[in-house]
Amino acid sequence: MSLEITCTRNEADKKQISRCKETIENSLVSFNATSKILALAGSEVRLKILFLLNIENELCPCDIADILEMSVPAVSQHIRKMKDAGIIISRREGQTLYYSLVKSEDNVLNGIFNSISTRKKTA
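Calculation criteria
- Residues numbered from 1 in each chain as written.
- Predicted model: local features only at pLDDT ≥ 70, side-chain atom pairs only at ≥ 80, totals over all residues.
- Heavy atoms only, no water.
- Helix = DSSP H or I, 4+ residues; strand = E, 2+ residues; numbered from the N terminus.
- Buried < 20%, exposed > 50% of the residue type's maximum accessible area, 1.4 Å probe, protein only.
- Core = buried A, V, L, I, M, F, W, Y, C linked by side-chain atoms within 4.5 Å.

The name given to the chain in an unreviewed UniProt entry is Metalloregulator ArsR/SmtB family transcription factor, and the organism recorded there is Pricia mediterranea.

Written out as structure tokens, the structure reads:
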């Protein structure tokens, strides 16, 4: 069984089509940036790391590895991808690197984080 999609309009609304094309064209940079963020956040591990950075402001890879029960090298690979994409930044304190979210990227991420429900354990 194949699904056939048909269009039954009699006449195209050329003004609407033109307006929508212009809107898309004017937003290409935003689409590109948002798409990049969503692609990276599409990994459950990276989403968890981004979420943790959002609520803690900054963490080192060792802390993230302990929290997520992963190896530091595995966490570092995810961090590298997000840093290369410009979503997170680092600062050095002695031998330790601390990572945090780039503030200009948190518009997209806040919408995602707000949709994640957290339940606190009660005694």
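A. Here's a closer look at the environment of Asn26. In this structure, Asn26 sits in helix α1 (residues 14-26). Relative accessible area serves as the criterion here: at 62%, Asn26 is assigned to the exposed category. Along the backbone, Asn26 and Gln16 are ten residues apart, and their C-alpha atoms lie at a distance of 15 Å.

B. Main features of unusual backbone geometry. One non-glycine residue, Asn57, lies in positive phi territory at about 75 degrees. Inspection of the secondary structure assignment puts Asn57 in the loop between α3 (44-56) and α4 (61-68). Phi is positive for Glu69, close to 55 degrees, though the residue is something other than glycine. As for its placement among the helices and strands, Glu69 is situated in the loop between α4 and α5 (72-84). Residue Glu69 is classed as exposed on the basis of its relative accessible area of 72%.

C. Here's a closer look at the nonpolar core. Counting residues in each nonpolar core, the largest one holds 22 residues, and the members touching the most others are Leu50, Leu53, Ile64, Ile87, Ile88, Leu101 and Leu109. Listed by contribution, the elements that provide at least two residues to this core are α2 (28-41), α3, α4, α5, β2 (96-101) and α6 (106-115). Of the residues forming this core, the biggest block, five residues, is contributed by α3.

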